[in-house]
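Overview (structure and organization)
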Amino acid sequence: QGATERDTAGKCDREPSSRKHGRELQRAQHVRSRPRYCRGDNQKRIDDAGEMAVYFANKIAAPGTGNASPTLLAWSQHATDRRGGVNGSPMVAVAFESGAVGVYTEEGEPLDSKSNIIAQGDRGSIPTEITWHPTLPLLAIGWKNGKVSFWSVTDRRLNEDGTVHEGQEVSVMQWSLDGARLITGDTNGKVAVWKVDSRNRPVHVIQYQEKNARVTHVVVPPRADAEACGAAEAAGNVGDNVASTYFYYAISSGGRGVVCRGDDVGTSAHLYEIETEAVAMLHYDGAMHLVTVSLNSMLYIHEVAQEGNWTCQSQVKLPSEGATKVVWATPGTLAVCNEKDPSCAVRMFNLTNGVNYALTPPQHRDGGRDPSGRRLTCAAYNAGTAVLACGQKDGHVTMFRFLGLPQSTKPGEEEPAPEDAWQTMAGVDVMGRLSQIAWGPQMRLLGALGSDGVRVCKKVRMHDKVRDGNSVVQVAADRVMVEAVDGSRPPTALQLNMQITGVDATDKHLLVWNSQTAEVHEAGPRGYVPISTFDSASEAMAIHRETVFRAGASMVEVCTLAGVVKDTLVYDDAHGQVEHMDVSKDYLAVSTSNGFIKLWRLGGRTPKSHGPTGGKKVDVRDIPTGSSIESIKVNCNGTKVSVLFVLPGSATTHTVIVVYDVDADCFRSFDFAQTGRVPEAHAWDHDVPMMFGVQTVTGGQLEASADVAGAPAASVKVSRSASGDMGDGGAPTTMSSGDGTEDRNSGIDTKNARKEANTPGLVVFTMFASPERIVLQESHPIPAGFEALLGLSVPSLYVCKKAAVAEGGGVCFSVTMRDFLGMEKVDPATKSALLEFKLHLATGNVEEAFRAVKSIKNPEVWENMAHMCIKSKRLDVAEMCLGNMGHVRGARAVRDASREPELDARVATVAVHLGLNDEAESLYAGCSRYDLLNNLYQAMGRWDEAVVVATSHDRIHLKTTHYNHGKHLESVGDLQAAIVAYEKSGNCATEVPRLLFQRGMVADLEQYVAHANDATLTKWWARYCESVGDFDKALQGYQAASDFLSLVRVYCNQGDYQGAAEIVEESNDPAAAFHLARTFEAQEETGEAVRFFAAAGRFGHAARLARSAGMDAELMNLALQSPPEMMLDSAQYFQERGQPEKAVTLYHKAGNLRRAMELCFHAQLFEPLAALTESIGADSNTDPELLSKCAKYFLEHNQYPKAVDLFIKGKQFDHGLQMALDHDVLINEEMAEAMTPAKGEVEDAVRKELLLKVAKVCKQQGSYHLSCKKYTQAGDKVKAMKALLKSGDTEKIIFFAGVSRNRDIYVMSANYLQTLDWHADAEIMKSIINFYSKARAVESLAGFYESCAQIEIDEYRDYDKALGALRESLKHLLKSRTEDRAEAVDGLNARIGMVERFVQARKLIKDDPHEMVRICTEILNDPQIGANDLESSIRVGDVFALLIEYWYAQGNYQQAYTLIEQMKDRGIVVAPYLDAEMVETVYREMGVDTAPRAGAGGGRDSGVDSDGEEMMEENIAIDDDDELPM
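Below you will find a few notes about this structure. (Residues numbered from 1 in each chain as written. Predicted model: local features only at pLDDT ≥ 70, side-chain atom pairs only at ≥ 80, totals over all residues. Heavy atoms only, no water.)

Once that is clear, we can look at the pairing of strand E56 (residues 691–698). Of all 8 residues in E56, 8 are buried; the element is thus mostly enclosed. Note that strand E55 (residues 677–684) and E56 share 7 bridges and pair antiparallel. Bridge pairing in E56 links Arg677 to Thr698. Once E55 ends, the chain turns through 6 residues before running back antiparallel as E56. Here E56 pairs with strand E59 (residues 763–769) via 6 bridges, running antiparallel. Bridge pairing in E59 links Gly693 to Thr766. (Buried < 20%, exposed > 50% of the residue type's maximum accessible area, 1.4 Å probe, protein only. Helix = DSSP H or I, 4+ residues; strand = E, 2+ residues; numbered from the N terminus. Pairing = 2+ DSSP bridges.)

Here it is as structure tokens:
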């Protein structure tokens, strides 16, 4: 029965990475292996035949009269039927040169069957602009004669306005994003804003007129962007009107382009100019940039600055001038094309990162076609599918799909280029030169306008499947290929006279159909022959044995092969229309438009309902509301149905696959976002009911399409699942099921599944639908060129390669599943046991997995199971498998691997022993164990990759890797490469000479050394030459290596001392100088020896020789640079020779201070002794007796400061302090610190007594700050504050009081601050109040407030503030507990009452002057108030002044005169209270000629007290006994 599948070239676990994905594929009839495919080839992802869908082009029939050439097309965002319903076909509007405008369905048929046009221009006027309302089924049309028309789909009525643009061609037309406004512009520079009324009529809102200009473009940005750019502030408000729509428009004036801003309330402004007219203008949403392209092909990007001015951010010169087409592609990326561009490329400009690149359409397969036909004339981007369509001059539409840049998955892999993010897709030919293309609302429709007319291109999915042993592959719109998967029948190509929209097959029959016709073909000895053709409008059909099933209205029709209905399967009308249908063996599953699925069993004479009688609504939380079913598949025993969904408003498949379990009546789901991929197709195993396969594509385009598709973020975001290390006994992955529970141990973990996230092309995942969950089992990358998963039957996956049709063969190929490699021929029982083992292992049921395979004896099967354990990371099971297969090293590796902390590292170690090097490589990289990955590469001989890993991730072993590489290269005889590796390892100085010397390659070694420029290597070579007696080469080598010691050594051996001396003098090398000095010493040339010892820095040796030779002149200098031992010897030498000054210096330098001082005393060397004492520190270990002796010496010579300093250093503090007092020696801070013992050094009482003495001396000497510090250290903060008060340092006094927290200190500080000008400094006043408050000195605080009140009265005459201060004083006085508290409170209350009366009188001067006069008179004449009481409360002069000023203002000079005389009688000086000019006026008016006599002052008003004595300010005095008045 034909050829069968042959074994693959090598087992999975033995192949290197570059072959892992290159499994041989065998077609069922002819054994054929596919080309090997390597994921790291960085080949451009172009697959012209790799689409699972084709475009059907429906030409729109033009109106029959006049010039029927189309000029414009526009898609509506609404779908309507011919009656205006919303569930019909998408609509496209087309304008024609004849002046007609028509609206058509996706089939190319007129929306209204009675008329194929909706509008016709009058008197030759043609439509110049058409655009659909964004939210309503309303079409706006602009005409050449200036009319603006609205046509409503709902009421089929055309409403027009021809007054605004009358006589001028409407050149631009653009709706706002919310549809509230329509902006139009004409060729005469007029810009108009419109709205829609309730009857769908255009209503003019406002207009602008640009002189001598033509409006060329209009763009409406999002409102948020417009407001952020300052449009609202610039436009402002007009009355109560606030702009609701902002827009930008471009005009052409005088050959230049001008970009302007406008709104719908009457404000416009010019923003910026460009050199020539604009041919394109776009708004960069979110970034608030405007992009314009000029006629001379300059691309400008402008942004608004903070001050509101628009500035050019960048400009680019495009390669070709003319009518450039510019569209947005991916977010932030512009696609630019130009018909004059000879490169035929669409140029991409990423405004986000500044990266520019080009996408070039593929070459024509027909080489004879005009190459200029590939030039691009137009472009359109579909954000929902991330597809960029480019129209060519020859009528071909080229398409590019954005997939995102693949990430580098291997060390050293080259970074992908930006253009690698795009995949070239199969295009569509629509004929004629294309001038406009536009995507439809459902993202499967493309409108193309060309010289040959308008075509609506409808994308239809190509149908491919394997069923009942036959594969059916649609290779073209009207062609299918049928072949038997077992090779029992040769491939058959069927050319049909219909555009196929669906296919199905059994072992004997083939069913094909479209929306109009269905055909049934029967297999015969010579291929398939048609047996029936019948009309059918159903989009969903299936065949089972001799029965055809097709979707009808609320039913499934059961038909004969001739299309005759023999039965119906009815379901609820609320379920909607049947959209998808699938048959597997004896089970039929259908899905409806409202998301219901229903099953029937087909085994008997009539179909029987299977599962829930009323069907089941697919309701899974992972699926967004509004998603529609893309496809369904039923398994072989009817127990499970898998479902794929399409995101709402998108053509993008949802990442979640849902499985309905009929027996459990529940849904379970799996989100492929965890794998980084998107499901595209699915199929159940032909015989295994729990296994199914899912075809996926890379998820790189998810982010690009998420925003437009309208899907929630969770449905498109690729994210890792929660994971945790379960040890060797479980896989660390968690995946969510549809019931909301979390399923652990779900087959391969998420990290392992994500390894295929960036694999180009298709990847098929095999999965288990267990009773508990959906389990991801294995991934199978499909080689390049193979387009679709047809089906699966363990151990094979069936895929198709439609390009093989051109080779004359079949298109169905089989590929062995990864985990069945080498076991393709196992018996059914073994295969069943393996599947059960896989299922239980994937779900974590280890005991059941063991039980399933315990009877298997085949070692190859056990090896395969061990491989599965590696994938599932179950080392406990792997150990059992290895034991059964007799793999001793592998079992030992399982136990040894327990030392590694990471689970992946342990698994990888065992994988290496099983030959699964690729898996080990992936695991090591996944857990970041690059050291082990490096070792693996080295063991495999993949040295380049090992070096890359070490360079990038394992640098600690980089040199070791290079060294091992060198060893390897040396072993294989590649000496040059080995030398390079040794150089990189840093071992060339030892390894290269060894390598060459062992092989007798001395000449090569010499040449290598000469060119290596390595000092170590050169020095080794010189020593070698010296050892063989070649001194000339040795000297040359030493000289080249700058080894001056060896040079001097060779010269000395040769007796050339002069040459050796010259080398030492030139090089200043200490080692060479030392060697030469020893040589001269051996020859008893002492002078030279001393000189070169000094040059070598060995002054001890030099001094030794100089002393032995009596060279005293040189000895002192050498001794000072010698070690201490040599200094002491030399000092003793000078002392014996009668040179005490030199001896003292050397003793001191050597650290023997006592010996130096004793020598000074003995030799009466006063100046050196003074210098020695200066070097003694406070913590010196010098003998105190010696210091005392020195101090007495300085005391005898009247050097009191030095004597005091030495007494202190000698710890004789009392003597030192007394001497400081006696001889007026100032104790500085250094001395005071020297007399301050550290805590714990002496007893606390002794330390405190000493500190108090130091503090008292410092205070007596006027060092108040230092005294304060020492008192504080002694713990007496009160005395410390008293000392600080004497310093008068207000800032420090306030600070010290704040940190001391002592009541007495608070009071002292406040008393001191009162002696200052506190009224002029708010901070001091605040501190006084704060300190009194903290000390709770309420009497003092009350007195302070009373003083404040008195100053306000005396200095400022501000009785209001004085009254406030007096009340504060009373508040604090009430807290007093003194005996005279009551008397003081009564007195203060009386004073407050007096002040209140006077304040009241002052306030009444305007409102009630008579009351004021009465109060003041009472104050002055009240017999109950004594004069002293009055004077103590207010100034009497102020009362008189208030009355006099009032009567003066009233013109009552007599009364004023009387009061002035009373002031004088009371002895009050008039001048401080009354204006001199006012007094003179009063006297002049009263006829008094003499000047006012000066009254005798009295009270506070005169400035002297009642006894005639001047008041003196009381100062706070602090006596010498440290007593401070409180």
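So much for the structure itself; the text now carries on.
What follows is about the packing of helix H18 (residues 988–998) against helix H20 (residues 1015–1027). If you want to describe how two helices pack, look at the angle between their axes and the distance between the axes. Packing of H18 against H20 leaves a shortest axis separation of 9 Å and a crossing angle of 45°. Taken as axis vectors, H18 and H20 run oblique relative to one another. When you trace H18 past H20, the crossing you get is right-handed. Across the interface between the two elements, Cys988, Ala989, Pro993 and Phe997 from H18 touch Thr1016, Leu1017, Trp1020 and Tyr1024 from H20. Classifying every residue of the contact of H18 with H20 by side-chain character gives 7 nonpolar, 1 polar and no charged. (Axes fitted to C-alpha atoms, helices over the stretch in contact; angles between N-to-C directions. Parallel < 35°, antiparallel > 145°, perpendicular 65-115°, else oblique. Left-handed = near helix turned anticlockwise from the far one by under 90°. Contact = heavy atoms within 4.5 Å. Nonpolar A, V, L, I, M, F, W, Y, C, P; charged D, E, K, R; others polar.)

This next bit is on the sheet that holds strand E15 (residues 214–219). The strand order across the open sheet built from 4 strands is E15-E16-E17-E18, with neighbouring strands paired in antiparallel fashion. Each having just a single partner strand, E15 and strand E18 (268–274) make up the two edges of the open sheet. Neighbour-to-neighbour, the strand axes of the sheet open up by a mean angle of 25°, direction not taken into account. As paired strands, strand E17 (residues 256–263) and E18 are joined by 6 bridges and run antiparallel to one another. Each residue of the ladder has a partner; that of Cys260, found in E18, is His270.

The omega torsion of the bond from Val794 to Pro795 falls at 15°, within 30 degrees of zero and hence cis. Topologically, Pro795 is positioned in the loop between strand E61 (788–793) and strand E62 (796–800). The backbone of Asn200 sits at a positive phi, close to 60°, despite the residue not being glycine. The topology assignment puts Asn200 in the loop between strand E13 (190–196) and strand E14 (202–209). Looking at Asn200, the relative accessible area reads 19%, which means it is buried. Unlike most non-glycine residues, Ala386 shows phi in positive territory, near 55°.

This brings us to the nonpolar core. Ranked by internal contacts, the top residues of the largest apolar core, which has 76 residues, are Met1281, Ile1328, Met1412, Ile1434, Phe1440, Ile1444 and Leu1474. Residues in contact with Ile1328, not counting those within four places in the same chain, are Ala1310, Leu1313, Gln1314, Trp1318 and Phe1344. Formed by 44 residues, the second largest nonpolar core is a distinct cluster that contains Ile979, Leu996, Ala1072 and Leu1076. (Core = buried A, V, L, I, M, F, W, Y, C linked by side-chain atoms within 4.5 Å.)

Next up on the list: the sheet that holds strand E21 (residues 298–304). The strand order across the open sheet built from 4 strands is E19-E20-E21-E22, with neighbouring strands paired in antiparallel fashion. Every interior strand has two partners, whereas the edge strands, strand E19 (278–284) and strand E22 (310–317), have only one. Adjacent strand axes in the sheet meet at a mean angle of 20° when their direction is disregarded. Inspection of the sheet shows E21 paired to E22 by 7 bridges, in the antiparallel sense. Each residue of the ladder has a partner; that of Val304, found in E22, is Trp310.

Remember that the coordinates give geometry; whether it matters functionally is a separate question.
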